[in-house]
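Architecture at a glance
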Amino acid sequence: MPGGGHGPAPRASRQGPPPQHPRPRTAQPARPLPPPVRPDLPGRPGPIPGPPVSGRPLPPPPRRAPERPSSSPLSTPSRSIPSLGDARPDRSRSNAARTGGHSRSATAPAADRSRGTARAARSGAATTATTRTTGPTRRAAVPRARSRRSRTGVGWWQTPDPKKATATATGLTPVPEATGPQGPLDVLRRRLGGSAHRRPLTPAQRTARRRRRVKWGVLGGAAALVLLPLLLLGIGWLAFSVPTADDAVNNQVATISFADGTDLTRLVPEQGNRTKVTVDQIPVYVREAVLSAEDRSFYSNPGFDFTGILRAVWNQLRGGVGGGSTITQQYVKNALVGDQVSLWRKYKELIVSLKVNQEKSKDEILTDYLNTIYFGRGAYGIQSASQAYFGKDVGQLTVPEGALLAGVIQSPSRWDPAIDPNKAVQRWDFVMDGMVSQGWLSPGDRSAATFPATQQRKAAPGSGSFSDSRGHVVNAVKAELDSLGITDQEMAQDGLRITTTIDPDQQRRAVQAAQKTLDGQPDNLRSAVVAIDPRTGGVSAYYGGENGVGLDYARVSKQPGSTFKPFVVLAALSHDPPIGLGTVFDGSEETGLRNAEGADCPRCDIKQAMTLSNNVIFTKLAARVGPENVAAAARAAGITSPLDNPDARLALGNKEVTPLELASAYATIADGGVWHAPHFISKVVTADDRVLYEAPDSQGERRFSEQVARNTIEAMLGVAPNDGLGIGRPVAGKTGTVQSRFEGENNDAWFSGFTPDLATAVWIGTDMNSPIRTASGTPVEGKTLPGEVWQTFMKQAVADEPQQDGFGTYKPIGEPASNLPPNATPSATPTPSAPPSASSEVPPPPPAAPPATPTTEPRPGGGALPDRDEPLFGDETPVTTAPGSPPTAQRQDCSLTPCG
């Protein structure tokens with residue numbers, strides 16, 4: 001070859017047609033491939049230093065127009081894409097042909113193909129020589145027709161990666177670029193070939209895409225705001241029916257049931273206690289007064305208040321309660337019994353309000369509303385309310401009277417003048433001023449109007465009250481509902497189903513026991529019986545007297561007498577050091593301290609003194625442990641009445657309590673020192689099955705240790721058998737007799753006792769605090785009439801209960817009880833903690849000491865006790881007696897004050 005080339009020049013093939021553009025062989029030198037990446041300058045393409053193969057410098061590759069696209073992976077840089085094929089000679093030929101700026105036809109002559117093959121061979125030789133220093137080589141494949149897509153997976157429309165192009169040209173396997181973590185989506189996209197061939201978006205394209213998304217989001221939200229309410233409206237329109245006025249009243253009937261589910265009473269009878277009236281029978285000014293109070297836009301609104309609904313939604317989202325409603329909504333709410341504070345109730349109320357507004361006229365809606373709503377005093381409807389408040393028909397009402405009735409609609413329990421006159425006047429002024437602002441009342445008539453007088457409140461027919469003993473149970477349930485936040489209006493309008501803790505059998509037995517015992521006795525005698533389950537605090541029987549609309553004697557405060565002595569024992573057992581039941585005292589009468597007949601005891605321990613009800617010993621014991629500690633023990637057990645400024649006579653019950661409190665306190669002792677709040681209600685459910693209240697399964701609250709409670713029970717076990725009031729099983733009890741200011745007379749008599757399953761307190765007295773006597777003329781004592789009522793009831797009440805071993809094992813605290821008969825003298829000498837037997841004075845409490853850290857020395861059966869100068873059950877400051885001064889108990893005069 002001329003020019004001293006290495007090797008013979010390739011000979012043109014003679015197969016195929018002649019080329020269309022023959023070129024002189026001398027004018028077309030072999031065009032080399034673009035140089036590979038230089039190892040001495042990573043990342044930069046260029047020739048590898050070294051001597052040329054032919055002995056002369058190779059001409060540089062011709063420049064290419066940058067704007068001309070090429071499908072070759074060797075032309076321009078592109079994204080890094082893994083190589084899918086080998087570096088092939090036909091790619092070199094094609095690239096060389098394209099970079100030379102000449103195009104060839106698909107039917108190029110064989111000679112031209114031979115020349116291309118020869119040039120490719122020379123280039124391959126040069127490449128082989130080069131790659132010996134840079135990496136492994138690949139064999140050249142037989143040229144073949146190329147598709148529009150390269151073997152690397154790069155389309156003709158994409159810019160190839162220069163690194164892959166160089167590697168392909170040199171026969172190297174391209175090394176994949178380091179990439180970030182590959183997730184499942186990345187693998188899927190790579191396998192599908194989608195994201196690998198997607199051109200990255202320009203900033204303008206990304207902005208346009210965000211705008212499209214925002215636009216479609218806004219359009220979708222607007223469509224949802226329009227279509228969703230229409231959809232909900234259509235569903236509700238088909239699903240909810242329009243109620244009648246009768247439906248509204250029937251749904252408001254509330255029931256109070258016994259614990260077993262049987263009805264105790266219905267707060268509204270089946271037929272209701274209302275009288276329907278027409279719109280013509282209701283004076284115009286009365287209707288206008290109602291609109292002024294409840295809905296001043298009634299005749300113009302579509303049946304609902306949109307702003308009120310939005311306010312209710314907003315309050316619901318914030319955790320509050322709903323907003324105001326129109327008269328139509330109120331009528332629908334009452335008729336559907338839908339007083340639930342929820343968005344669902346508002347939705348249902350809205351749909352039915354729209355239907356009512358479409359199917360009825362405004363006058364019909366107003367009339368139905370006034371015939372169904374509750375006005376208080378047991379009155380449903382405007383006619384019944386007119387009779388209950390003013391004793392006249394609705395057509396005879398004056399403007400001020402109509403305004404008063406309109407004002408009480410919102411809350412009868414608050415706006416009734418008999419309940420709160422000041423608030424009732426404020427509400428009446430609001431209604432009257434609203435009528436003036438609406439042009440329904442002239443300013444002159446408003447100035448001349450005065451607040452009307454109403455009738456006295458009384459039980460209305462169908463209010464659920466009874467004239468017999470059941471009335472006290474119903475009133476007690478209503479009082480507890482009010483304490484739970486369930487108003488009288490809710491009880492009247494929500495169709496409540498109230499389940500009580502009252503056992504129907506126990507209730508019947510309690511009433512019969514009281515009636516049987518008092519039958520034939522003086523008419524001035526009154527009685528109360530309260531029975532409580534010690535394990536739950538639920539009241540199982542409640543008798544407050546025969547007059548159900550009169551005084552409830554189970555809640556009347558009376559002096560409890562000696563039934564307060566167990567609380568002295570509680571305080572003594574918790575004293576530091578503890579004073580045990582075996583501690584011996586001198587119980588002989590002293591000046592100012594007298595005992596009941598047969599209760600004298602020269603030497604008795606505490607248990608004997610409890611059985612005999614010795615006043616002297618318990619007065620001394622109360623003075624020793626501190627009267628404030630006795631009061632604190634009573635409060636811990638469950639006494640809630642104030643026991644202010646107690647003295648040693650508190651042991652004899654000189655502070656007033658109720659039978660309900662005493663039964664609860666004894667129940668705490670029966671349950672081992674665990675207090676349960678006494679209650680009448682176990683569950684409250686609305687007519688739409690919403691649970692408004694359910695008594696929790698409380699574990700109770702421990703007020704004192706179980707061992708202290710068991711020792712107190714031990715002191716009380718001999719009382720009932722000694723008084724002939726046994727019931728055939730172990731029972732702890734205590735009598736109580738309150739002496740009158742008249743010599744030899746008594747004003748109140750008690751008996752309270754319990755088994756592990758039931759604690760019962762019985763009281764007998766009079767309305768006037770006068771002396772109580774039996775039919776035979778003898779003074780009533782705790783062990784006589786009250787004891788008989790208690791024994792009769794308890795025998796029947798526990799007859800069906802399984803026989804138990806009693807109250808558990810007695811583990812004494814301090815000196816154990818002697819277990820001697822009440823009048824037997826204990827052989828043991830008085831303990832050092834007991835006052836001297838010869839002493840004629842009750843020892844005063846220890847003098848007040850400087851503040852000191854309470855001792856932490858544990859007592860038997862209990863935890864750490866506070867210092868003896870501190871109250872044992874509370875934060876009260878003990879009352880101390882100055883050294884040398886006579887104790888308060890010495891000045892007791894049983895002829896003027898109760899001695900127990």
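Our structure is the block above this text.
Described in the following lines is the structure provided in the data block. (Residues numbered from 1 in each chain as written. Predicted model: local features only at pLDDT ≥ 70, side-chain atom pairs only at ≥ 80, totals over all residues. Heavy atoms only, no water.)

In this section: the overall build of the chain. When you go through the chain residue by residue, the secondary structure sums to 27 helices and 16 strands. In the chain, which comprises 900 residues, the share counted as buried stands at 47%. Across the chain, every contact between residues at least 6 apart in sequence was considered, and the portion connecting residues at least 24 apart equals 73%. Taken as a whole, the chain presents about 43500 Å² of accessible surface, with 54% of it coming from carbon and sulfur. (Helix = DSSP H or I, 4+ residues; strand = E, 2+ residues; numbered from the N terminus. Buried < 20%, exposed > 50% of the residue type's maximum accessible area, 1.4 Å probe, protein only. Contact = heavy atoms within 4.5 Å. Areas by Shrake-Rupley, 256 points an atom, 1.4 Å probe, with all protein chains shown as cover.)

What follows is about the sheet that holds strand S14 (residues 732-739). Through backbone hydrogen bonds, the strands of a sheet pair up, either in parallel or in antiparallel fashion. Pairing is antiparallel in the open sheet, where five strands are placed in the order S7-S6-S16-S15-S14. Each edge of the open sheet carries a strand with a single partner, namely strand S7 (539-543) and S14. When the angles between neighbouring strand axes are averaged without regard to direction, this sheet yields 5 degrees. Across seven bridges, the pairing between strand S6 (residues 526-532) and strand S16 (residues 759-765) is antiparallel. (Pairing = 2+ DSSP bridges. Axes fitted to C-alpha atoms, helices over the stretch in contact; angles between N-to-C directions.)

Taken as a whole and judged by the stated rule, the model has 20 salt bridges. For Glu590, the salt bridge identified is with Lys620, shortest N-O distance 2.9 Å. Of the two residues, Glu590 is situated in the loop between strand S8 (584-587) and strand S9 (601-605) and Lys620 in helix H22 (residues 615-625); the sequence distance between them amounts to 30 residues. Given a relative accessible area of 2%, Lys620 falls into the buried group. Each of Asp429, Asp433 and Arg446 takes part in salt bridges that share partners, so that together they form one network. (Salt bridge = Lys/Arg side-chain N within 4 Å of Asp/Glu carboxyl O.)

Across three bridges, strand S1 (residues 255-257) lies against strand S2 (residues 263-266) in antiparallel orientation. When the bridges of S2 are listed, Ile256 appears paired with Thr265. Taking the residues that link successive antiparallel strands as the turn, the S1-S2 hairpin has five residues, and the phi of Gly261 there is positive, at about 95 degrees.

A few words on the pairing of S8. Here S8 shows two buried faces, one formed by Val584 and Asp586 and the other by Phe585 and Gly587. As paired elements, S8 and S9 share three bridges and run antiparallel to each other. Counted as the bridge partner of Gly587 is Cys601 from S9.

A grouping of Arg206, Arg209, Arg210, Arg211, Arg212, Arg213 and Lys215 is seen on the molecular surface, where their side chains present a positively charged patch. Looking at the secondary structure, you find Arg209 in helix H5 (residues 203-239). For Arg209, a relative accessible area of 32% gives the class partly exposed. (Patch = residues over 30% accessible without salt bridge, like charges linked within 9 Å, V, L, I, M, F, W, Y side chains within 5 Å. Lys, Arg positive; Asp, Glu negative; His and termini not counted. Charge placed at Lys NZ, Arg CZ, Asp CG, Glu CD.)

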